[in-house]
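# Structural features, examined
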Amino acid sequence: MVFWEGYVSDEVMGTFAPIVVYWLYAGFYQLLPPMDNYRLHTRKEEDDKNLVPLGSVVKGVLLQQFFQATVAHLLFLLTCKVTASENVVQPSIPVQIVQIIIAMLVMDTWQYFVHRYMHQNKFLYRHVHSQHHRLVVPYAIGALYNHPLEGLLLDTFGGALSFLVAGMTARTAVIFFCFAVVKTVDDHCGLWLPGNIFHLFFQNNTAYHDIHHQLQGTKFNYSQPFFPVWDKLLGTYMPYRLVKRPEGGFEARLMKD
C-alpha cells in the first residue's frame, strides 16, 4: 500500500515523481541562506567561475526532464504486463531491496563508462559534456544541467537500463528513481552540512564529486551517483581532504601522490 494508490498509477508516479522530487529538493537548497560556513566554494568563486546563468541552467534541466519523462512513459508502456483492471503483484520488501541494490550497481557501471568516455573523446567533451562542466562550482539546481544528448545517454538510458536489468516493478522504480535523483542533487549541492546522511553513508558524495568539477580533477572521480567502485578499480580515484577556510567554509583539496 502506497499513498498514491487509488489516485494515480505506479507508472505515472514513476514518470513524474522524480521530476517533482528534483525541484523540491533542489529548491530546498536554493532557498537556504548563504551558509558560508559550510560551502565548498565561496559565493564569489561561484559568480566568477561559473560560465552559465541560473536561468539557462533551469531551462536546460527542464529540457532534459522532458526527454526523461517521454522515455519513462514509453518504457512503462512497453513493460506493463497487466490491464488497468488488474493489480500487479508486488515483490516482498527484501526482494525490492535487492532489486534496488542491483539497479544502483547497474546505474553506476553505465554512468562511469559513458561519463569517462565523454571525457576521453575530445569531440564529445567539447560539444556535449563540457556543457555540464560550465558549472565549475556545482549547485543543486544544476545537477541535471547537461547537453540534451548527454542527458539522454547518461541519465535517461542509464535509468532505463537499471530498471530493466533489476527486473523491478513500476512501484519499486518510483522509490529507486526518486532516491537516485535526491542523491544526484545532493552530490551537486556544494555544501558540506553536518549530519548529512549521504556524507555519512556514501564515500561518493558532495566533496567527492566537487573534486571532479575542479579544473585539476576532471580526469578523476568519474563515478556517480552511488559508489566509487569503478574509480578505485580502474585508477581514476582521487582522494581528497577537507580543509577549513579561514573566512569560513571548506575546501576539498586533491591528495596527489
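Since this is a predicted model, take the numbers as computed values, not measurements.

What follows covers the overall build of the protein. The helix and strand inventory of the protein stands at 10 helices and two strands. Along the protein, helices and strands appear, N-terminal first, in the series α-α-α-α-α-α-α-α-α-α-β-β. The C-alpha atoms of the protein give 19 Å as radius of gyration, which agrees with the globular expectation for 257 residues (18 Å, within 12%). Put simply, the protein has 257 residues, and 51% of those count as buried. Restricting to contacts in the protein with at least 6 residues of sequence separation, those with at least 24 account for 69%.

Another aspect to go through is the side chain of Asp210. Here Asp210 shows up in helix α9 (residues 206-213). Buried charged residue Asp210 carries no salt bridge. Nearest counter-charge: Arg245, at 8.1 Å. Sequence-distant contacts of Asp210, that is, excluding residues within four places in its chain, are made with Leu40, His41, Pro138 and Ala252.

Feature annotation in UniProt assigns "transmembrane region" (unreviewed entry) to the following positions: residues 12-32, 52-76, 96-114, 135-154 and 160-182. Secondary structure content for residues 12-32 is 95% helix and 0% strand, and the end C-alpha separation is 30 Å. Helix makes up 35% of residues 135-154 and strand 0%, whereas the separation of the span's terminal C-alpha atoms amounts to 18 Å.

Before going further, it helps to spend a moment on a nonpolar patch on the surface. Residues Tyr7, Val8, Val12 and Phe16 make up a contiguous nonpolar surface patch of about 420 Å² in total accessible area. Mapped onto the secondary structure, Tyr7 falls in the segment before α1 (10-31).

Running from N to C, α1 and helix α7 (residues 170-187) point in directions that differ by 20 degrees, and their axes come no closer than 9 Å. Classified by the angle between their axes, α1 and α7 sit roughly parallel to one another. As α1 packs across α7, the resulting crossing turns out to be right-handed. Contacts between α1 and α7 involve Asp10, Glu11, Met13, Gly14, Ala17, Pro18, Val21, Tyr22, Tyr25, Ala26 and Tyr29 from the former and Ala170, Arg171, Val174, Phe177, Cys178, Val181, Val182, Val185 and Asp186 from the latter. Of the residues in the contact of α1 with α7, the class split is 15 nonpolar, one polar and four charged.

Before going further, it helps to examine the packing of aromatic side chains. Tallied over the full model, the rule gives 21 aromatic pairs. By way of ring pairs, the aromatic residues Phe176, Phe177, Phe179, Phe198, Phe202, Phe226 and Phe227 are connected into one cluster. Against the face of Phe202 rests Lys183, its NZ or CZ located 5.1 Å from the ring centre. Seen from the ring of Phe250, Lys244 lies directly overhead, with NZ or CZ sitting 4.7 Å from the centre.

Moving on: the nonpolar core. In this structure, Tyr22, Tyr29, Val57, Phe176 and Val185 are the most contacted members of the largest nonpolar core, which totals 39 residues. The set of elements that each furnish at least two residues to this core consists of α1, α3 (54-79), α4 (93-120), α6 (148-166) and α7. The biggest single contributor to this core is α7, with eight residues. In terms of nonpolar packing, the next biggest core, distinct from the first, is built from 10 residues, Tyr208, Tyr240, Phe250 and Leu254 among them.

This part takes up the environment of Pro138. Following the sequence through the fold, Pro138 ends up in the loop between α5 (122-127) and α6. Classification of Pro138 as buried rests on a relative accessible area of 7%. Residues Pro138 and Asp210, spaced 72 residues apart in sequence, show a C-alpha to C-alpha distance of 7.2 Å. Sequence-distant contacts of Pro138, defined by excluding residues within four places in its chain, comprise His188, Cys189, Gly190, Asp210 and His213.

Our focus in this paragraph is the state of the cysteines. Applying the stated rule across the entire model yields zero disulfides. You can see Cys178 has no disulfide; the closest cysteine sulfur is in Cys189, sitting 18 Å from it. On the basis of relative accessible area, Cys189 is assigned to the buried category, the value being 8%.

The full count for this structure, using the stated rule, is nine salt bridges. Salt-bridge contacts for Glu251 lead to Arg253; the nearest nitrogen and oxygen are separated by 3.2 Å. Members of the salt-bridge network, linked through shared partners, are Glu5, Asp10 and Arg171.

Parameters at a glance
- Residues numbered from 1 in each chain as written.
- Predicted model: local features only at pLDDT ≥ 70, side-chain atom pairs only at ≥ 80, totals over all residues.
- Heavy atoms only, no water.
- Helix = DSSP H or I, 4+ residues; strand = E, 2+ residues; numbered from the N terminus.
- Rg over C-alpha atoms; globule rule 2.2 N^0.38 Å.
- Buried < 20%, exposed > 50% of the residue type's maximum accessible area, 1.4 Å probe, protein only.
- Contact = heavy atoms within 4.5 Å.
- Lys, Arg positive; Asp, Glu negative; His and termini not counted.
- Salt bridge = Lys/Arg side-chain N within 4 Å of Asp/Glu carboxyl O.
- UniProt positions renumbered as here; feature names shortened; annotations may be inferred.
- Patch = residues over 30% accessible without salt bridge, like charges linked within 9 Å, V, L, I, M, F, W, Y side chains within 5 Å.
- Areas by Shrake-Rupley, 256 points an atom, 1.4 Å probe, with all protein chains shown as cover.
- Axes fitted to C-alpha atoms, helices over the stretch in contact; angles between N-to-C directions.
- Parallel < 35°, antiparallel > 145°, perpendicular 65-115°, else oblique.
- Left-handed = near helix turned anticlockwise from the far one by under 90°.
- Nonpolar A, V, L, I, M, F, W, Y, C, P; charged D, E, K, R; others polar.
- Phe/Tyr/Trp six-rings, centres within 6.5 Å; stacked < 30°, edge-to-face > 60°.
- Lys NZ or Arg CZ within 6 Å of the ring centre and 35° of its normal.
- Core = buried A, V, L, I, M, F, W, Y, C linked by side-chain atoms within 4.5 Å.
- Disulfide = S-S within 2.5 Å.

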